[in-house]
Each structure stands twice: as C-alpha cells, then as structure tokens.
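Per-entry structural report
Chain by chain, the residues run as shown.
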Amino acid sequence: MAIEVKRLTVAEARAALNALAEVLHDAVEGGDSVSFMDGFDAGDARAFYESLLPELERGTRVLLAAYVDGELVGSVQLVHAWPPNSQHRADVAKLVVHRRARGRGVGRALMEQLEEEARADGKSLLILDTVAERAADRLYGRLGWIRLGTVPDYALDPDGSLCDATFFYKHL
Ligand SMILES: CC(C)(COP(=O)(O)OP(=O)(O)OC[C@H]1O[C@@H](n2cnc3c(N)ncnc32)[C@H](O)[C@@H]1OP(=O)(O)O)[C@@H](O)C(=O)NCCC(=O)NCCS
C-alpha cells in the first residue's frame, strides 16, 4: 500500500476542505478526543479547517495530508510558536487518520514527514499532548518522543467523560 504525504498549499487545502473535514468528523463520531464534542458535524469540521487558511497563508501553520490510492485519509498540523524567543519551537496538532485507514502506517508516515517539514522550517523542538494510553500515545513513544508526564482530567471525550493527557517533546 503506497502512502503519499504532502504539505498542502493554501489553494490545495481549500480544495481539500471537504475531505479534511470528513476525516476529522469521522474521528469525533468514533469517540476520539480531538477538541470537539458529540454533535460536531461535517459542516463544523469544514468550518474548522477553513478557519486555519489564513495561518497557512502566513506560514505560521503547516498542514500535511496523507493519501492512499489518491484518497485523502489523514492529516496533521505543525503550529509555529509565536514568541520571538521561541522561533525554534512548534506544536504538533490534530493528527488524525480516518478509521477505515488506521493500523497501516498512515499515522507514522504523517509524523515522519512532519518532522522533515519542521526541520525545513528551522524548528529544533516539537511539543504535543495526546490522550493517555490510546493509539497516538503508543505511536509517539515508538517514534522516539520523550514522555514528560500525564495530566489527569485534562480534556473531555466527545461524550463528555474526562480523559487524561500525556505531554511529549522531541528534539530534532
Ligand atoms: C493516532 C492515529 C492518528 C494513528 O493513526 P494510524 O494510521 O492508525 O497509525 P499507524 O498505522 O502508524 O499505527 C497504529 C497501529 O497500527 C500498527 N501498524 C502500523 N502499520 C501496520 C501494518 N502495516 N500492519 C499491521 N499493523 C500496523 C502500529 O504498530 C500501531 O499499533 P498499536 O496501535 O498497537 O500501537 C489514529 O489512531 C487516530 O486518528 N486516532 C484518533 C485521533 C487522535 O487521537 N489523534 C491524536 C491527537 S494528538
């Protein structure tokens, strides 16, 4: 199975809004804790990605999309830190793969390419947090991220139950 990961231009992201939205909507519908709550629909997901376009234009946010057989099945973002004293640092956000494409290395491919893009943008330190003891937590561990610790009751699952978050960093 060939996985292609691509850094989207603003025009490409705009053209892919529906596909990006479908992947995020699918995750929320599946109960994944990715910022949003039950009732979040495909239109909300599209509006979310649309709201990011100005940052892509400014270059302060990077959006990668993963394709299998030409179909967009996942995405991840890199958010550049804004403070002048932290230009070497960025946050990783919204790694998400459609449920039907999981377990085949798409998440890994997205994260490996994200590191390449971060290096190309001059970043040497990446930070992220994720729900503890789920697939993403294991994936980051395998990719060499350093576990800082876990904050209990950090966020909510879509159904409103509290979940713990693990914080990670990685020097590039
Ligand atoms: C986290 C997430 C992005 C991982 O995506 P993915 O494409 O399934 O990731 P991978 O395929 O690289 O790895 C997932 C699992 O498949 C396994 N795998 C990868 N390639 C495989 C292959 N070719 N054959 C068999 N298993 C494989 C991995 O070992 C891993 O196993 P594990 O879950 O037991 O640790 C996905 O589960 C997701 O979208 N989760 C919801 C959103 C979320 O929580 N995002 C994180 C926010 S920070």
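Whatever comes next refers back to the structure up there.
The paragraphs below set out a description of the structure included in this document. (Residues numbered from 1 in each chain as written. Predicted model: local features only at pLDDT ≥ 70, side-chain atom pairs only at ≥ 80, totals over all residues.)

**Focus: the overall build of the chain**
Threshold: Elements are defined by DSSP. Helices are runs of H or I of four residues or more, strands are runs of E of two residues or more, and each kind is numbered from the N terminus. Note on method: radius of gyration uses C-alpha positions; expected globular size equals 2.2 Å times residues raised to 0.38. Three exposure classes are used. Buried residues have 20 or more other C-beta atoms within 10 Å of their own C-beta, exposed residues have 12 or fewer, and partly exposed residues fall in between, all C-beta atoms being placed from the backbone. Two residues qualify as being in contact provided that their C-beta atoms, derived from the backbone, are within 7 Å of each other.
In terms of helices and strands, the chain carries 5 helices and 7 strands. For a compact globule of 172 residues, the expected C-alpha radius of gyration is about 16 Å, and the chain comes in at 15 Å, within 12% of that figure. Referenced to the eigenvectors of the C-alpha coordinate spread, the extents of the chain come out at roughly 40 × 40 × 35 Å. Looking at the chain as a whole, 30% of its 172 residues qualify as buried. A fraction of 61% describes how many contacts in the chain between residues 6 or more apart in sequence connect residues 24 or more apart.

**Re unusual backbone geometry**
Even without a glycine there, the phi angle at Ser35 is positive, about 85°. Along the chain, Ser35 falls in the loop between α2 (17-29) and α3 (42-58). We note that Asp69 has phi near 50°; this positive angle belongs to a residue other than glycine. With respect to the helices and strands, Asp69 occurs in the loop between β2 (61-68) and β3 (71-80). Residue class for Asp69 comes out exposed when judged on the 9 C-beta atoms lying within 10 Å of it.

**Brief notes about the nonpolar core**
Threshold: By convention the nonpolar core is taken to be a set of buried residues drawn from Ala, Val, Leu, Ile, Met, Phe, Trp, Tyr and Cys and joined through C-beta atoms within 7 Å.
Counting 40 residues, the largest nonpolar core has Leu24, Leu64, Val73, Leu110 and Leu114 as the members making the most contacts within it. At the level of elements, α2, α3, β2, β3, β4 (89-97), α4 (106-120), β5 (125-131) and α5 (135-142) are the ones that each hand at least two residues to this core. Setting aside chain neighbours within four positions, we find Val73 in contact with Val23, Ala66, Tyr67, Val68, Val97, His98, Ala101 and Val106.

**Digging into the site of the ligand**
Heads up, the rule is: Nearness is defined per residue: the C-beta atom, placed using the backbone, must lie within 6 Å of the molecule or strand. Under the convention adopted here, Pro, Cys and the residues Ala, Val, Leu, Ile, Met, Phe, Trp and Tyr are nonpolar, Asp, Glu, Lys and Arg are charged, and Gly plus all remaining residues are polar.
Around the ligand sit 21 residues, and of these Arg102, Gly107, Arg108, Ala136 and Arg138 come closest. Where the shell around the ligand is concerned, the elements lending two or more residues are β4, α4, β5 and α5. Element by element, the count of residues in the shell around the ligand is highest for α5, at 4 residues. Class assignment of the residues belonging to the shell around the ligand gives a composition of 11 nonpolar, 4 polar and 6 charged.

**Some details on the sheet that holds β5**
As a reminder of what qualifies: When DSSP locates at least two bridges between a pair of strands, those strands are taken to pair. Working convention: axes come from line fits to C-alpha atoms, limited for helices to the stretch in contact. Angles between N-to-C directions cover 0 to 180 degrees.
An order of β1-β2-β3-β4-β5-β7-β6 is seen for the 7 strands of this open sheet, with the pairing classed as mixed. In this open sheet, the two strands that pair with only one neighbour each are β1 (3-7) and β6 (146-156). For this sheet, the mean angle separating the axes of adjacent strands, direction not counted, is 25°. Each of β1, β2, β3, β4 and β5 is contacted by α4, which is oriented at about 35° to β3, the strand it contacts most. Sheet strands touched by α5: β4, β5, β6 and β7 (162-171). Its angle to β5, the strand with the most contacts, is close to 150°.

**Concerning the pairing of β3**
The buried fraction of β3 is high, at 8 of 10 residues. In this sheet, β3 lies alongside β2 in antiparallel orientation, the contact comprising 8 bridges. Residue Leu63 lies in a different strand from β3, and its bridge partner there is Gln77. Two successive antiparallel strands, β2 and β3, enclose a turn made up of 2 residues, where Asp69 displays a positive phi of approximately 50°. In the sheet, β3 pairs with β4 via 6 bridges, with the strands oriented antiparallel. Bridge pairing links Gln77 to Ala93 in β4.

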